[in-house]
Amino acid sequence: MKTSFALFRRSGPIGVATICMLVFGISVFGIVQVLAQNENAGEPKNKKSTYAAMAEVPEKAREKENPFAGDTQAVAAGGKLFEQHCAECHGPKAGGTRKGPSLLREEVQQAAPGTLFWILTNGVVRRGMPVWSKLPEPERWQIVTFLQSLKLQTLTSQRPPE
Amino acid sequence: MAAHVNPTFIRQKVPGLSFLVLILSLLSCRSAVAQESPYIVTYDHYLEEPGSLEVEYFSTFGTQRGGNDFDAFWTEFEYGATAWWTTEFYVDGQTTFDDSTIFTGFRWENRFRLLQREHLVNPVLYIEYENTSGADKILKEVEGHDVESDYAASNAALRKEHDHELEMKLLLSSTFKGWNIAVNPIVTKNLLPSEPWEFAYAVGASRPLALKASPNRCNFCRENFIAGVEMYGGLGDTQSAGLHDTSHYLAPVVAWNLPSDWTLRFSSGFGLNDNSHRLLLRWGLSREFSGFGEIVGRFFGGRP
């Protein structure tokens, strides 16, 4: 510790200012995290805004067709990608968490594949969803295929036994 | 009644306890598979996912004419504060063979995404403060008139120089058909008024070996590998801009994103002129921990 303080002293006013900025930054970060958590406690974060963002998808993007539609291999691959990249926020079964909304809701399940692909590509940055264009286009379509397969799974599980 | 706290106890225990808290926080986090780019010097426009902490260790072996070869290393803590802001803290060190191993400084870097949506070219603003000694050899960026002979002196001589620098980059990056192209113009200012502004560049191109994911978890699937090339070097300074007395490197790069949440990176940089180190052999290991922000928030009293 003594050595560290000596190092800061040698760094002069700029070094001390940097340390102060770091301490201030970390404190602000902690407080912001607490406020954000308390404000959103008990409600899936950004639920309304994220669904509202789907209405902003350009018409041309909505019309894009899923090249993997009906491909069971794509569903499996999309499920793997979902688990790796999306489950952290949207939950392992896409039912939503405090950080991200449910993807089983009507708004998502009835959306055009192109809409989901556009949201994946562009994210909803102002509401905390990052852009996912770093995943190659076919992988994003595989995730869309998986998401749309959840609709069928939900319907099947809801059907009364014959 | 105020409790008496022994200052020696605080001095001895606080750093250890802080480290323990950090380790416990990381253990409490869930790991996440990242799709990391293979670049080591160049930046693309993708930021850390919000709330995630990525811990990275990098090593650079460099050959040195007129001096001893070295191995410079740094540890990065990269945190996604929001979907448009990533902040990073670096700690640097180096071993010069037949000389010594020393701590060479720290850096604090911030990246801000400027546009909400994806575009053909996506700009990100990069601002970094560096507090390093002249013995810093990580070569994370090569600026101004940085040349190989600058690093030839002994560590004892080099560490006498202290640099406080502000570095700014405009990260321009585009992804199309699986290819990522990134261009980073760089401007650096030593905070001493007498020092000139220095210029540099870094460019890179990369692509995953497969664009489609396979249905099963696998270590050696082609989609887990991203290969590319990057080039970086100095462009002089305000007193003497241009390519004379500058060094430049061309480096093939590869990243291996493992399903076990680790990412490995390799790069072999070749000096392109006589002012450059002949070889910069780099490797890095990183792991992403998601949910780190929530854990830290809980330490400050946030709700679980």
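For clarity, every value in this text was computed on a predicted model and none was experimentally measured.

A. The arrangement of the environment of B:W84 in detail. Looking at the element boundaries, B:W84 is found in the loop between strand 3 (70-82) and strand 4 (85-96). Under the C-beta neighbour-count criterion, B:W84 is labelled buried, with 21 such atoms within 10 Å. Distance from B:W84 to B:E36, taken between C-alpha atoms, is 17 Å for residues 48 residues apart in sequence. If we ignore the near neighbours within four places in the chain, the residues touching B:W84 are A:V125, B:F112 and B:R113.

B. Looking closely at the environment of A:L147. Residues and elements named next belong to chain A. Residue placement: L147 occurs in helix 8 (residues 137-158). Looking at L147, the number of C-beta atoms within 10 Å reads 25, which means it is buried. Taking the C-alpha atoms as reference points, L147 and K134, separated by 13 residues in sequence, lie 19 Å from one another. Leaving out residues up to four positions away in the same chain, L147 has contacts with A94, L103, V108 and L116.

C. Up close: the pairing of strand 5 (residues 100-113) of chain B. Residues and elements named next belong to chain B. Examined bridge by bridge, strand 4 and strand 5 share twelve bridges and lie antiparallel to one another. Paired with W85 across the strands is F112, a residue of strand 5. Between the antiparallel neighbours strand 4 and strand 5 lie three residues, among them D98 with a positive phi of about 60°. Here nine bridges tie strand 5 to strand 6 (residues 122-133), and the two strands are oriented antiparallel to one another. Within strand 6, the position partnered with E109 by the bridge is E128.

D. Representation of the nonpolar core. The biggest cluster of nonpolar side chains holds 32 residues, and the ones touching the most others in it are A:L116, A:F117, A:I119, A:L120, A:I143, A:V144 and A:L147. Elements that contribute at least two residues to this core include exactly helix 4 (72-85), helix 7 (113-122) and helix 8 of chain A. With 25 residues, the next largest nonpolar core counts B:I40, B:Y43, B:W74 and B:A202 among its residues.

Scoring rules and cut-offs
- Residues numbered from 1 in each chain as written.
- Chains lettered and ligands numbered in written order.
- Predicted model: local features only at pLDDT ≥ 70, side-chain atom pairs only at ≥ 80, totals over all residues.
- Helix = DSSP H or I, 4+ residues; strand = E, 2+ residues; numbered from the N terminus.
- Buried ≥ 20, exposed ≤ 12 C-beta atoms within 10 Å, placed from the backbone.
- Contact = placed C-beta atoms within 7 Å.
- Pairing = 2+ DSSP bridges.
- Core = buried A, V, L, I, M, F, W, Y, C linked by C-beta atoms within 7 Å.

As far as function goes, none of this settles anything; it's purely spatial.
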